[in-house]
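# Analysis of the macromolecular model
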Amino acid sequence: MMFCSGQLPLSKGEPLPVKERMEMPLATEKTDAGLTPGLLKVLHKQLSSKGMVTTADLREKWKHLGLPEEQLEAILQLDSFGEEVEWMKLLALGCSVLGGSLLSSMKQACEILTRDPEGGAARIPFETFSFLYSYLAGIDEEISETETKAFLQGIKEQADQHSGMVLIRHFLPYSFIFY
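Reading the values: rules and limits
Residues numbered from 1 in each chain as written. Predicted model: local features only at pLDDT ≥ 70, side-chain atom pairs only at ≥ 80, totals over all residues. Heavy atoms only, no water. Phe/Tyr/Trp six-rings, centres within 6.5 Å; stacked < 30°, edge-to-face > 60°. Helix = DSSP H or I, 4+ residues; strand = E, 2+ residues; numbered from the N terminus. Buried < 20%, exposed > 50% of the residue type's maximum accessible area, 1.4 Å probe, protein only. Core = buried A, V, L, I, M, F, W, Y, C linked by side-chain atoms within 4.5 Å. Contact = heavy atoms within 4.5 Å. 1 Å grid on protein atoms, 1.4 Å probe; cavity = no way out; pocket = protein on both sides within 12 Å on 5 of 7 lines; lining within 4 Å. Points joined across faces, edges and corners; volume = space filled by probe spheres on them. Nonpolar A, V, L, I, M, F, W, Y, C, P; charged D, E, K, R; others polar. Disulfide = S-S within 2.5 Å. Expected span 1.5 Å × (residues − 1). Axes fitted to C-alpha atoms, helices over the stretch in contact; angles between N-to-C directions. Parallel < 35°, antiparallel > 145°, perpendicular 65-115°, else oblique. Left-handed = near helix turned anticlockwise from the far one by under 90°.

A separate point is the packing of aromatic side chains. As enumerated under the stated definition, the model contains four aromatic pairs in all. Geometrically, the ring pair formed by tyrosine 133 and phenylalanine 151 is stacked, given 4.4 Å between the ring centres and 25° between the ring planes. Separated by 18 residues along the polypeptide, tyrosine 133 in helix H6 (residues 126–139) and phenylalanine 151 in helix H7 (residues 145–160) bring together distant segments of the chain. Since its relative accessible area comes to 6%, tyrosine 133 is described here as buried. Assessed through its relative accessible area of 23%, phenylalanine 151 is described here as partly exposed. Among the aromatic residues, ring-to-ring pairing joins Phe129, Tyr133, Phe151 and Phe171 into one connected group.

Our focus in this paragraph is the nonpolar core. Leu58, Trp87, Met106, Phe129 and Phe171 are the most contacted members of the largest nonpolar core, which has 43 residues in total. Mapped by element, the contributors of at least two residues to this core are helix H1 (37–47), helix H2 (55–64), helix H3 (69–76), helix H4 (87–99), helix H5 (102–113), H6 and H7. With seven residues, the single largest contributor to this core is H6. When sequence neighbours within four positions are dropped, the list of residues in contact with leucine 58 reads Leu47, Val53, Leu72, Leu76, Trp87 and Leu90.

Leftover empty space is mapped by rolling, across the atoms, a probe with the size of a water molecule. The calculated volume of the second largest pocket comes to roughly 250 Å³. If you trace the second largest pocket, you find 14 residues lining it, with His44, Leu113, Thr114, Arg115 and Pro125 closest to the centre. Counting residues per element, the ones that place at least two in the lining of the second largest pocket are H1, H5 and strand E3 (124–125). Per-element tally for the lining of the second largest pocket: the top contributor is H1, with three residues. Its residues assigned to classes, the lining of the second largest pocket shows six nonpolar, three polar and five charged.

Under the defined criterion, the tally for this structure stands at zero disulfides. Unpaired in terms of disulfides, cysteine 95 finds its nearest cysteine sulfur in cysteine 110, a separation of 8.9 Å. A residue is classified by how much of its surface remains accessible, and cysteine 95, at 1% relative accessible area, is buried. By relative accessible area, cysteine 110 is classed as buried at 0%.

Here H4 contains 13 residues, and its C-alpha end-to-end distance of 18 Å stays within 8% of the 18 Å for a straight helix at 1.5 Å per residue. Every buried residue of H4 is listed here: Trp87, Leu90, Leu91, Ala92, Leu93, Gly94 and Cys95. Glycine 100, located one to two residues past H4, shows a positive phi value of around 85°.

A word on the packing of H6 against H7. Put simply, H6 and H7 touch, their axes get as near as 11 Å, and they point 165° apart. The angle between H6 and H7 falls in the class roughly antiparallel. Where H6 crosses over H7, the two elements pack in a sense that is right-handed. For the pair H6 and H7, the contacting residues are Phe126, Phe129, Ser130, Tyr133, Ser134 and Ala137 in the first and Thr148, Phe151, Leu152, Ile155, Lys156 and Ala159 in the second. Split by residue class, the contact of H6 with H7 holds eight nonpolar, three polar and one charged.

Here it is in structure tokens:
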């Protein structure tokens, strides 16, 4: 690697340009992943209390986190949002970007929304789980309403045994959770 003077720092007795600690890289291109679970959680903390969020406010918060604008536009195009966005729907779509599959997206949502300590059970209320799952399943044209209702009924039966809380193990096999 060459520097402006054409010499390596070591040859001039200078320390190498090595970071002392890991930093989160900022997305700079359209193809960069950008959004991370941690950044989505930051957005959730900033915007969830509002319920409905203006797209202008969302764009501002998104930009302040150094996330690619193209990624937000792609997420917004997944539904017919107007000038306002229902935050929990946007959170669900953000989780789908992170998760890839519906169940992986729900795992991301549980980990972002839980009040459990990090590494805990990542429990969320059944009502919240049901809303997010139904919303994402409704966007996925391959999942019928009958399948969605049957799946949620099974989850509700398990949640009822845990004070109405859904745990990740209720919908993902252990092998998926740990690998």
